[in-house]
Amino acid sequence: MQLTSLIVVLVYFLGVIGFTHYQSRHDKQTREDYLIGERKFGLWSLLASMNSTWLNAGWIVFAITLIMTDIYYYVWMMVATALAMGILMVYAPKLRQMSADHNVNSISEFVHRFIGPSSGHVIAFINFIIYMTWLMIEIVAGSHLLSLIFDVPYMACVLTFAVVIGIYLFIGGFRVLIQTDILQFFLALIMIGIFYYSFDNVQDVSFGEVFAPSASYNLNGFIDGFMALFPPVLFGAEVWQRMIAAKDGRTAAWLMPTTYVTNLAVYIPLFALPVLMYWGTDVTSGETILANAMTNLPAFLAPIALVAVVALIMSTIDTTCFLSAQSFMNDIVGHMNKDVAEHPRRHLKWSILAALLLASLGALVFQSTVDNIHFVLTLWIAFSPVIYPLVFTSWPSDKAIALSIALIGVAIIGTQIIGVYTANIGFGLFIAGFIVPFIFERVVHR
């Protein structure tokens with residue numbers, strides 16, 4: 001069974017590369033096409049892409065562990081996601097229109113165009129740090145999971161992901177990223193169906209047992225779970241990029257609630273299965289539970305489910321890789337170098353390969369200590385002023401906002417490093433991010 005599954009996965013890799021090559025021969029491959037797909041994507045394409053990007057190996061493993069150990073933390077994160085997407089739904093049509101009118105392709109370019117170059121560069125630099133870290137975390141999580149399932153060396157898994165994803169992103173850019181996401185999302189739906197078809201050794205578990213008060217069943221737990229996802233969803237570059245890529249404002253707006261509902265429709269059955277199988281046992285590790293579920297599948301279904309798992313791992317790796325490269329090459333270097341600005345596709349291609357190489361080296365070096373760098377992902381908290389142009393008609397100067405974002409970012413990392421950071425501090429810094437630029441502006445004008 002293992003050999004058959006391995007062959008099927010390799011065929012999938014070759015199929016993705018072949019599909020990408022075929023599509024690239026028919027696409028226009030202009031600057032806007034490579035960066036944002038010419039803003040022509042419909043709701044279903046973007047919906048599938050958003051869901052497959054978020055339904056990644058690291059998140060699945062983390063969420064299963066949470067549900068088995070502290071379900072209220074997961075509940076608060078879903079509340080945060082709903083609120084963030086509700087806010088984005090209101091302003092998505094305006095964001096889509098502003099971006100199209102001024103040829104904006106990313107959240108960093110949005111800030112650069114409507115707030116100023118200093119703030120745009122700060123946001124682009126922080127985004128580069130965030131998405132390079134996330135890329136490395138996903139390569140580590142995905143490679144560990146694949147190594148556990150196939151019993152192959154961890155290094156081989158890291159290098160395989162880097163080579164396959166590097167090839168198809170190099171060839172096709174953002175359009176191919178969306179197209180492969182669509183395939184990966186439908187594979188995820190098939191995987192969930194296979195799980196429920198295959199397993200009958202489930203336990204009788206009541207809602208009262210699962211939702212018994214846990215460590216996060218209090219106000220501090222709510223703030224902790226809320227801050228874990230509210231800033232990343234509200235300011236996520238992948239979220240803004242897909243709203244910008246929508247064919248019109250209505251599509252961008254409806255992408256938010258439909259993504260949330262689809263998330264729940266996919267996540268609830270996916271995460272309910274391990275609860276039904278392992279509740280009350282000593283097994284609480286999401287990685288172990290998922291690996292056990294995959295290896296216990298019937299021989300004729302295992303290859304399909306394994307391809308789905310591999311596809312989901314690849315979906316988040318390719319998105320974070322593209323955003324890392326775009327933040328550095330297009331949003332930072334592109335605004336400083338005329339040649340890069342005029343030929344972003346040529347330079348971004350090589351930047352994608354460089355990002356994958358750097359993240360793969362990091363995944364090999366820090367595979368056992370990668371959990372220690374998760375704190376970098378809290379930097380989204382510093383992005384509060386990004387929504388000024390969507391909400392207000394006037395706002396502080398570029399320098400005041402850039403200084404505020406940079407100082408709050410330093411405060412977030414500093415408190416994390418010295419070990420005093422809490423979700424309450426993060427919440428305070430997040431609120432301060434909306435106010436501090438106005439204070440700096442008054443000081444500057446005195």
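So, here is what we can say about the structure in this document. In this text, all values refer to a predicted model and were calculated from it rather than measured experimentally.

1. Details of the overall build of the chain
For the chain, the helix and strand inventory stands at 19 helices and zero strands. The buried share of the chain, taken over its 446 residues, is 57%. Of all intrachain contacts in the chain linking residues separated by at least 6 positions in sequence, the fraction that spans at least 24 positions is 86%. Accessible area for the chain stands at about 18000 Å²; split by element, carbon and sulfur atoms hold 68% of it.

2. A few points about the environment of Ala432
Inspection of the secondary structure puts Ala432 in helix α19 (residues 423-445). Between the C-alpha atoms of Ala432 and Pro385, which are 47 residues apart in sequence, the distance is 9.9 Å. Apart from residues no more than four positions distant in its own chain, Ala432 is found in contact with Ile408 and Pro437.

3. Regarding a nonpolar patch on the surface
A cluster of nonpolar side chains, namely Phe427, Ile431, Ile435, Ile439 and Val443, defines an oily patch on the protein surface of about 430 Å² accessible area. With respect to the secondary-structure elements, Ile431 resides in helix α19. For Ile431, a relative accessible area of 35% puts it in the partly exposed group.

4. Here we look at the nonpolar core
Within the largest apolar cluster, 142 residues are counted, with the highest numbers of intra-cluster contacts made by Tyr74, Trp240, Met243, Met314 and Phe383. Apart from the residues within four sequence positions on either side, Met314 is in contact with Tyr12, Phe13, Phe161, Val164, Ile165, Tyr168 and Gln184.

5. Observations concerning unusual backbone geometry
Of note in this structure, Asn103 is not a glycine but carries a positive phi near 55 degrees. Here Asn103 is to be found in the loop between α5 (71-101) and α6 (107-114). Looking at Asn103, the relative accessible area reads 39%, which means it is partly exposed.

6. Some remarks on helix α11 (residues 237-244)
Counting buried residues in α11 gives eight out of eight residues, a clear majority hidden from the surface. If you check which residues of α11 are buried, you get Ala237, Glu238, Val239, Trp240, Gln241, Arg242, Met243 and Ile244.

7. Observations regarding the side chain of Ser147
Here Ser147 shows up in helix α7 (residues 117-150). Look at Ser147 and you get buried, because its relative accessible area is 16%. In terms of polar contacts, Ser147 uses its side chain to reach the backbone carbonyl oxygen of Val152, at 2.6 Å. Those residues in contact with Ser147, other than ones at most four positions away along the chain, are Val152, Pro153, Tyr154 and Cys157.

8. Side note on the pattern of salt bridges
Within the structure shown, the criterion is met by one salt bridge. In this structure, the salt-bridge partner of Arg242 is Asp181, at a minimum N-O distance of 3.5 Å. Residue Arg242 is located in helix α11, and its partner Asp181 is located in helix α8 (residues 154-198); the two are separated by 61 residues in the primary sequence. We note that Arg242, like Asp181, is buried.

9. A short note on the packing of α6 against α7
α7 packs onto α6 with a crossing angle of 165 degrees between their chain directions and a minimal axis gap of 7 Å. If you check the angle between α6 and α7, you find them roughly antiparallel. Considering the relative orientation of α6 and α7, their crossing is right-handed. Seen from α6, the contacting residues are Ile107, Ser108, Val111 and His112; seen from α7, they are Pro117, Ser119, Gly120, His121, Ile123, Ala124 and Asn127. Looking at the contact of α6 with α7 residue by residue, the classes come out as five nonpolar, six polar and no charged.

10. Focus on the packing of aromatic side chains
Ring pairs (aromatic) are described by centroid distance and by the angle formed between their planes. According to the stated counting rule, one finds 20 aromatic pairs in the structure shown. With a centroid separation of 6.2 Å and an interplanar angle of 85 degrees, the aromatic rings of Trp134 and Trp380 are classed as edge-to-face. Separated by 246 residues along the polypeptide, Trp134 in helix α7 and Trp380 in the loop between α16 (344-365) and α17 (388-391) bring together distant segments of the chain. For the pair shown, Trp134 and Trp380 are each scored as buried. With a centroid separation of 5.8 Å and 65 degrees between ring planes, the pair formed by Phe185 and Phe186 is classed as edge-to-face.

Cut-offs applied
- Residues numbered from 1 in each chain as written.
- Predicted model: local features only at pLDDT ≥ 70, side-chain atom pairs only at ≥ 80, totals over all residues.
- Heavy atoms only, no water.
- Helix = DSSP H or I, 4+ residues; strand = E, 2+ residues; numbered from the N terminus.
- Buried < 20%, exposed > 50% of the residue type's maximum accessible area, 1.4 Å probe, protein only.
- Contact = heavy atoms within 4.5 Å.
- Areas by Shrake-Rupley, 256 points an atom, 1.4 Å probe, with all protein chains shown as cover.
- Patch = residues over 30% accessible without salt bridge, like charges linked within 9 Å, V, L, I, M, F, W, Y side chains within 5 Å.
- Salt bridge = Lys/Arg side-chain N within 4 Å of Asp/Glu carboxyl O.
- Core = buried A, V, L, I, M, F, W, Y, C linked by side-chain atoms within 4.5 Å.
- Polar contact = N/O pair within 3.5 Å; in protein donor to acceptor, adjacent residues only side chain to side chain.
- Axes fitted to C-alpha atoms, helices over the stretch in contact; angles between N-to-C directions.
- Parallel < 35°, antiparallel > 145°, perpendicular 65-115°, else oblique.
- Left-handed = near helix turned anticlockwise from the far one by under 90°.
- Nonpolar A, V, L, I, M, F, W, Y, C, P; charged D, E, K, R; others polar.
- Phe/Tyr/Trp six-rings, centres within 6.5 Å; stacked < 30°, edge-to-face > 60°.

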